[in-house]
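This is what each chain is made of:
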Amino acid sequence: MLTVFWDMQGPITISFLEKGSTVNSANYCELLRQVKKDIKNKRRGHQSKGVILHHDNARPHTAAQTVQTINELGWELLPHPPYSPDLAPSDFHLFGPLKAFTRGTKFESDDEIKSVVSDWLRHQSKDFYAEGIRKLVHRWEKFVTVLGDYVEK
């Protein structure tokens, strides 16, 4: 399973869950700590401006341990309304083009998949990622306008 943290400039952290593992609050919190390190290394000065984290309402994301970790990291959490995949930028902007890119490709190994996916993510333009964030702003405004009713494109 792929987890990617990204902003308007591109990917910050790309992580693949080991085969047979499941996402739980403990490993998600460890990943969040890694994201903080990656922000420090890749986005110098952005930590001082504050980090706004947006993730969906999956159980590991909403667990008490995760909420505590986010607070300890000093990040703001952008709330995600239940059952709203249309407000998850990776779902509506990132994964579709990635799937289209890999469609029909036969991979020889998991390592090859990881390499191809990581390369694709790293080689998208800043404009591509910025557009995903702009779409989130537009979709969020639309969501607020309809008072939380389901929103499609």
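Provided above is the structure to which this section pertains.
Bear in mind that the values here come from a model prediction, so they are computed numbers and not experimental data.

Every regular strand shows the same layout, with side chains that alternate between the two sheet faces. Buried residues dominate strand β1 (residues 2-7), accounting for five of its six residues. As paired strands, β1 and strand β2 (residues 10-16) are joined by six bridges and run antiparallel to one another. When the bridges of β2 are listed, T3 appears paired with S15. Here β1 hands over to β2 after two residues, the two strands then running antiparallel side by side.

This brings us to the packing of aromatic side chains. The relative placement of two aromatic rings is captured by the distance of their centres and the angle of their planes. Overall, the coordinates contain five aromatic pairs when judged by the stated rule. When the ring of F101 is compared with that of W120, the centres are 6.3 Å apart and the planes differ by 35°; the resulting orientation is tilted. With F101 in helix α5 (residues 89-102) and W120 in helix α6 (residues 110-123), this residue pair connects regions lying 19 residues apart in the sequence. When the ring of W120 is compared with that of F128, the centres are 5.8 Å apart and the planes differ by 85°; the resulting orientation is edge-to-face. For the pair shown, W120 and F128 are each scored as buried. Each member of the aromatic cluster is reached from another via a ring pair, and the members are W6, F101, W120, F128 and Y129. Over the ring of F92 we find R139, and its NZ or CZ is 4.0 Å from the ring centre.

Bringing the nonpolar core into the picture now. In this structure, F5, I12, Y28, L31, L32, V35, I39, V51, L53, I70, L73 and W75 together form the largest nonpolar core, which totals twelve residues. Mapped onto this core, the elements with two or more residues apiece are α1 (25-42) and α4 (64-73). Considering each element in turn, this core owes the most residues, five residues, to α1. Formed by ten residues, the second largest nonpolar core is a distinct cluster that contains W6, V117, W120 and F128.

Thresholds, definitions, all that
Residues numbered from 1 in each chain as written. Predicted model: local features only at pLDDT ≥ 70, side-chain atom pairs only at ≥ 80, totals over all residues. Heavy atoms only, no water. Buried < 20%, exposed > 50% of the residue type's maximum accessible area, 1.4 Å probe, protein only. Helix = DSSP H or I, 4+ residues; strand = E, 2+ residues; numbered from the N terminus. Pairing = 2+ DSSP bridges. Phe/Tyr/Trp six-rings, centres within 6.5 Å; stacked < 30°, edge-to-face > 60°. Lys NZ or Arg CZ within 6 Å of the ring centre and 35° of its normal. Core = buried A, V, L, I, M, F, W, Y, C linked by side-chain atoms within 4.5 Å.

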